[in-house]
Amino acid sequence: CRDNKIKTAVLTNKHGPHARSACDHLGFSPYLEFILGANDTEWKKPDRNLTQLALKRIGEDRNNSIYVGDSPYDYKTAENAGMRCLLVSTGTHSEKDLLNECTSTVAPSMHILLEKHIKPIIEQPISDLSKSWFCNTLGIVNQLNKMID
């Protein structure tokens, strides 16, 4: 993502130190601006205060940012912050379930999300490019960074 001047961060309701340890262990912490987890603030998803704090820390506004998630809860987090949301079904929530509960772009796999929805965004002129991405799931961040870089 950094090669494309896209900042990425993780927002999770998982315990912050555990999420950071998992990112370190998996080797993708260097690709992230930060990892914000439970107990790092007084707020949890889908509270818009958490997302606003993350936007402030990453240095972008909601119009230049995209929230990538895998659940209706993630959709609600993005919606509460007024952010664009891209969802991927991971098995916990099927594509059908996500489409029934969310008015968002839903893809059945990371590969399809990348090819059909993320690459077209990246290929836009730099002035139109979404500059920051918030991901809720560590696996999404890992796959997103590998596919874009």
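Everything below is about the structure printed above this text.
Every chain is numbered on its own, with residues counted from 1 as its sequence reads. Residue-level local features of this predicted model are given only where pLDDT is at least 70; pairs of side-chain atoms are given and counted only at 80 or more, and the full residue set underlies all totals for whole chains, interfaces and linings. Each side-chain value is worked out from all heavy atoms of the structure, with water and hydrogens disregarded.

**Focus on the environment of Arg-20**
Heads up, the rule is: Every helix listed is a DSSP run of H or I at least four residues long, and every strand listed is a run of E at least two residues long, numbered separately from the N terminus. When accessible area is computed with a 1.4 Å probe and restricted to protein chains, residues below 20% of their type maximum are described as buried, those above 50% as exposed, and intermediate ones as partly exposed. In what follows, a contact means two residues having at least one pair of non-hydrogen atoms within 4.5 Å.
Note that Arg-20 resides in helix H1 (residues 16-26). Overall, the relative accessible area of 27% leaves Arg-20 in the partly exposed class. The spatial distance from the C-alpha of Arg-20 to the C-alpha of Val-10 is 9.2 Å, given a sequence separation of 10 residues. Ignoring any residue separated from it by four or fewer positions in sequence, one finds Arg-20 in contact with Ser-29, Ile-35, Gly-37 and Asp-40.

**Examining the packing of aromatic side chains**
For any pair of aromatic rings, the description consists of the separation of the ring centres together with the inter-plane angle of the planes. Rules: Ring pairs shown here join Phe, Tyr and Trp side chains whose ring centres sit within 6.5 Å, with only the six-membered ring taken for Trp; geometry is labelled stacked below 30 degrees between planes, edge-to-face above 60, and tilted in between. The criterion is that NZ of a Lys, or CZ of an Arg, lies within 6 Å of the ring centre and within 35 degrees of the ring normal, and then a charge sits over that ring.
Scanning all chains against the criterion turns up zero aromatic pairs. Over the aromatic face of Phe-34 sits the side chain of Arg-57, whose NZ or CZ is 4.4 Å from the ring centroid.

**Some thoughts on helix H5 (residues 110-122)**
Residues that lie three or four places apart on an α-helix share one face, since the helix turns once every 3.6 residues. Rules: One fewer than the residue count of a helix, multiplied by 1.5 Å, yields its expected span. Each residue is assigned a bend, namely the angle between axes fitted to the seven residues that terminate at it and the seven residues that start at it.
If you check H5, its first and last C-alpha atoms are just 15 Å apart, much less than what 13 residues at 1.5 Å a residue would give, namely 18 Å. When the local axis directions of H5 are compared, the greatest deviation, roughly 30°, occurs at Lys-116, which is followed within four positions by the proline Pro-120.

**Examining the side chain of Ser-104**
Along the polypeptide, Ser-104 turns up in the loop between helix H4 (95-101) and strand S5 (105-107). Relative accessible area serves as the criterion here: at 14%, Ser-104 is assigned to the buried category. Every residue in contact with Ser-104, bar those within four places of it in the chain, is listed here: Tyr-75, Cys-85, Leu-86, Leu-87 and Leu-99.

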